[in-house]
Amino acid sequence: MKKAIKYSMILCVVSWIYAAIMIFGVGIINPADNPMMYTIFASSYMLLPMICAIVMQIIACKKTHVRVSLRETGLLRFKIKPSWLVAWILPIVIVLLTIFVNSLLPNCEFNTDVSSLIPVDQVPEEQKEMLGMMMNPTFLIVTTIISGLFAGATINALFAFGEEYGWRNYLVDALREKKFVFASIFIGVVWGIWHFPLILLGHNYPQHSVAGVFMMVIFCVLASFVELYFVLKAKSVYPAAIFHGTINAVAGLNVLLIKGGNDLINGASGLSGFIVMAIVIAIIYVFDRFVLKDNIFSKTIEEVLDNGER
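Because the structure is a prediction, the values reported are computed rather than measured.

### Remarks on the side chain of S272
Stage number 1. Positionally, S272 belongs in helix 13 (residues 271–292).
Stage number 2. At 2.8 Å, the side chain of S272 forms a polar contact with the backbone oxygen of I265.
Stage number 3. Not counting residues up to four positions away in its chain, the partners in contact with S272 are T98, V101, N102, L105, I265, N266 and G267.

### Here's the deal with helix 11 (residues 238–250)
Stage number 1. Taking 1.5 Å of rise per residue, the 13 residues of helix 11 would be expected to cover 18 Å, and the 19 Å separating its terminal C-alpha atoms lies within 8% of that figure.
Stage number 2. In terms of residue burial, helix 11 counts as a mostly covered element, since eleven of its 13 residues are buried.
Stage number 3. All of the buried residues in helix 11 are Y238, P239, A240, A241, I242, F243, H244, G245, T246, I247 and V250.
Stage number 4. Packed against the buried residues of helix 11 are helix 4 (82–104), helix 6 (137–152), helix 7 (155–174), helix 8 (180–194), helix 10 (209–234) and helix 12 (253–257).

### Regarding a nonpolar patch on the surface
Stage number 1. Side chains of Y285, V286, F287, F290, V291 and L292 sit close together on the surface and give an oily, nonpolar patch of about 540 Å² of accessible area.
Stage number 2. Tracing the backbone through its elements, the reader meets Y285 in helix 13.

### Some words on the pattern of salt bridges
Stage number 1. Scanning all chains against the criterion turns up six salt bridges.
Stage number 2. In this structure, E164 engages R168 in a salt bridge whose closest nitrogen and oxygen atoms are separated by 2.5 Å. Here E164 pairs with R168, and both are found in helix 7, just four residues apart, close to one helical turn. Neither E164 nor R168 differs from the other in exposure class; each is buried.
Stage number 3. In this structure, D173 and R176 form a salt bridge, with 3.6 Å as the shortest nitrogen-oxygen distance.
Stage number 4. Under the relative-accessibility criterion, R176 is labelled buried at 12%.
Stage number 5. Residues joined by salt bridges that share partners form a network here, namely K3, D173, R176 and D306.

### What to know about the packing of helix 10 against helix 11
Stage number 1. Contact geometry of helix 10 with helix 11 gives a least axis separation of 7 Å together with a crossing angle of 145°. Relative to helix 11, the crossing made by helix 10 is right-handed. Contact residues: helix 10 offers V226, E227, F230, V231 and A234, while helix 11 offers P239, A240, F243 and H244.
Stage number 2. Split by residue class, the contact of helix 10 with helix 11 holds seven nonpolar, one polar and one charged.

### Considerations on the nonpolar core
Stage number 1. Counting residues in each nonpolar core, the largest one holds 92 residues, and the members touching the most others are Y7, F41, I94, W167, F180, V226 and L232.
Stage number 2. In terms of residue count, helix 10 provides more of this core than any other element does, 17 residues in total.
Stage number 3. If sequence neighbours within four positions are ignored, L232 has contacts with F180, I296, I301, V304 and L305.

Cut-offs applied
- Residues numbered from 1 in each chain as written.
- Predicted model: local features only at pLDDT ≥ 70, side-chain atom pairs only at ≥ 80, totals over all residues.
- Heavy atoms only, no water.
- Helix = DSSP H or I, 4+ residues; strand = E, 2+ residues; numbered from the N terminus.
- Polar contact = N/O pair within 3.5 Å; in protein donor to acceptor, adjacent residues only side chain to side chain.
- Contact = heavy atoms within 4.5 Å.
- Expected span 1.5 Å × (residues − 1).
- Buried < 20%, exposed > 50% of the residue type's maximum accessible area, 1.4 Å probe, protein only.
- Patch = residues over 30% accessible without salt bridge, like charges linked within 9 Å, V, L, I, M, F, W, Y side chains within 5 Å.
- Areas by Shrake-Rupley, 256 points an atom, 1.4 Å probe, with all protein chains shown as cover.
- Salt bridge = Lys/Arg side-chain N within 4 Å of Asp/Glu carboxyl O.
- Axes fitted to C-alpha atoms, helices over the stretch in contact; angles between N-to-C directions.
- Left-handed = near helix turned anticlockwise from the far one by under 90°.
- Nonpolar A, V, L, I, M, F, W, Y, C, P; charged D, E, K, R; others polar.
- Core = buried A, V, L, I, M, F, W, Y, C linked by side-chain atoms within 4.5 Å.

Below, the structure written as structure tokens:
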């Protein structure tokens with residue numbers, strides 16, 4: 001537990017100092033003013049959990065004079081299992097269900113005229129017909145899902161791995177003696193708090209940046225249950241990176257397909273998403289306990305990882 005707390009504190013301090021340098025030194029105050037620079041900042045920020053974890057692993061090796069492989073947890077095993085596929089497809093289901101739930105909430109409705117989001121008067125006449133086809137909700141959903149699945153398993157997963165190496169590799173190993181529920185909550189809280197500089201800049205919650213910090217913690221705790229489950233089922237961190245990368249790739253659909261509401265209600269990181277994620281966790285729990293009978297929710301991390309192949 002001390003190892004987990006130490007890593008969490010060091011990572012947050014290092015990350016927040018880096019964020020302060022980028023915000024107050026470089027001048028990244030409003031992402032809309034310089035989106036390219038903000039993208040570079042946010043992408044590099046995602047790599048810090050991995051960098052800190054590797055540095056701490058190297059320091060621990062030198063202190064103990066014991067040569068320890070970075071693969072010692074066993075969670076870096078690249079052996080594809082069915083749970084990888086489920087972790088890849090599930091974000092699509094979550095986002096589509098979130099849009100449905102979102103449309104049922106007060107002052108929210110499904111946006112059937114996506115083209116209204118585009119300033120048509122600025123589009124050349126010869127491109128309006130093509131634009132109309134591209135802005136068809138069905139076309140938009142299908143193309144976003146296809147591109148999102150590709151990005152989620154490639155470039156997005158690569159950057160998400162920078163986070164997941166820390167959250168669901170290093171921290172999972174540091175919490176081996178803890179039960180699944182405790183580890184999910186602990187990792188989720190740290191993960192959510194770690195995001196706070198980005199949230200204050202307007203990431204995810206541009207209308208409610210302060211309240212968004214607390215909302216992000218809730219979202220990360222819920223997502224942590226799902227991701228940690230797939231990590232333990234596959235005994236590999238990669239399904240978490242794929243899940244993380246894919247949900248990042250397709251979450252923007254909600255912005256296009258829902259009218260009304262606000263960023264505290266809309267999307268996977270809003271109330272709509274919380275409802276769907278809670279339902280998904282409940283389904284996973286029931287399926288795990290009564291169908292698979294693995295009972296991962298009631299076991300310690302070590303009991304799950306030491307059961308069978310490592």
